[in-house]
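Fold and contact review
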Amino acid sequence: MISRKHFLFNVIIIAVPWLSLLFIGKRNFKRFSFAGIFIIGFEIINHLYGHKRQWWKFYNKRKSFLRDELPFSIGPYMPLSMWLLKYSFGNFKKFITLNAIADAIFAFFFIDVLKKLKIIRLNKLSHLQFFFYLHYKAYLLYGVQYLFEKMRGYRLYM
């Protein structure tokens, strides 16, 4: 059974990032949505692998990918990816730096907050390993967006 606290957390982690996209603009939403959708699919595969390898542990008694990992995949990944692409695409160093900051905040700070709230804790990963687990996908995201823009004929800023 999912706790009320965990359910509320799942609603917030999905709703807040997606509501933020109301302010990204229609043009930017269209421009960056392909890479955002791609990263959600890739992240779901990563979460399934991490779930199987027990890299983290949710505090709920019954384990459920749909209730535990999926809200992390469909909640913050696409909106955050789109915002980061909006503010830094065309400047690879800026993009990687912003991603590293966001990933570090999650891996070294926010994960401890979630542990104190008894939602999730790292099980077989250190904070540094979890940071690299989060961060390596930034390079893939940038590459996908770069190829998408090259195929669509957008003006590339490199």
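Before reading further, recall that the structure is shown in the block above.
The following paragraphs examine the structure supplied in this document. Worth saying up front: this structure is predicted, and the values here are computed from it rather than measured. (Residues numbered from 1 in each chain as written. Predicted model: local features only at pLDDT ≥ 70, side-chain atom pairs only at ≥ 80, totals over all residues. Heavy atoms only, no water.)

**Quick word on the pattern of salt bridges**
Applying the stated criterion to the full structure yields three salt bridges. One salt bridge connects Arg31 with Glu149, and the closest N-O pair in it is separated by 2.5 Å. A residue pair is termed long-range when its members are at least 10 positions apart, and Arg31 in helix H2 (residues 26-53) and Glu149 in helix H6 (residues 127-152) qualify at 118 residues. Each member of the pair, Arg31 together with Glu149, is buried. (Salt bridge = Lys/Arg side-chain N within 4 Å of Asp/Glu carboxyl O. Helix = DSSP H or I, 4+ residues; strand = E, 2+ residues; numbered from the N terminus. Buried < 20%, exposed > 50% of the residue type's maximum accessible area, 1.4 Å probe, protein only.)

**As for the side chain of His47**
Considering the arrangement of structural elements, one finds His47 in helix H2. Not counting residues within four places of it along the chain, the set of residues in contact with His47 comprises Trp56, Phe65, Glu69, Phe72, Ser73, Tyr77 and Tyr133. (Contact = heavy atoms within 4.5 Å.)

**Quick word on the nonpolar core**
Ranked by internal contacts, the top residues of the largest apolar core, which has 19 residues, are Trp56, Phe72, Phe106, Leu114, Ile120, Phe130 and Leu134. Those elements that place two or more of their residues in this core are helix H1 (4-20), strand E1 (56-58), helix H5 (92-116), strand E2 (120-122) and H6. Ignoring sequence-local partners within four residues, the contact set of Ile120 consists of Trp56, Lys57, Phe58, Tyr59, Ile111, Leu114 and Lys115. Core analysis: the next-biggest nonpolar cluster, separate from the first, contains 18 residues, Ile39, Ile96, Ala138 and Val144 among them. (Core = buried A, V, L, I, M, F, W, Y, C linked by side-chain atoms within 4.5 Å.)

**Looking at H5**
With 25 residues, H5 extends 35 Å between its outermost C-alpha atoms, agreeing within 8% with the 36 Å of an ideal straight helix rising 1.5 Å per residue. Residue Phe110 marks the point of greatest curvature in H5, where the axis turns by about 40 degrees. Those residues of H5 not exposed but buried are Phe95, Ile96, Asn99, Asp103, Phe106, Ala107, Ile111 and Leu114. Along its buried surface, H5 packs onto H1, helix H3 (70-74), helix H4 (77-88), E2 and H6. Residue Lys118 follows H5 closely and has a positive phi angle near 60 degrees. (Expected span 1.5 Å × (residues − 1). Bend = angle between axes of the 7 residues up to and from the residue.)

**Some points on the environment of Ile74**
Looking at the element boundaries, Ile74 is found in helix H3. The partly exposed category is assigned to Ile74, whose relative accessible area is 31%. Excluding anything up to four places from it in sequence, Ile74 contacts Ile14, Trp18 and Ile40.

All quantities given are derived from atomic positions and should not be read as evidence of function.
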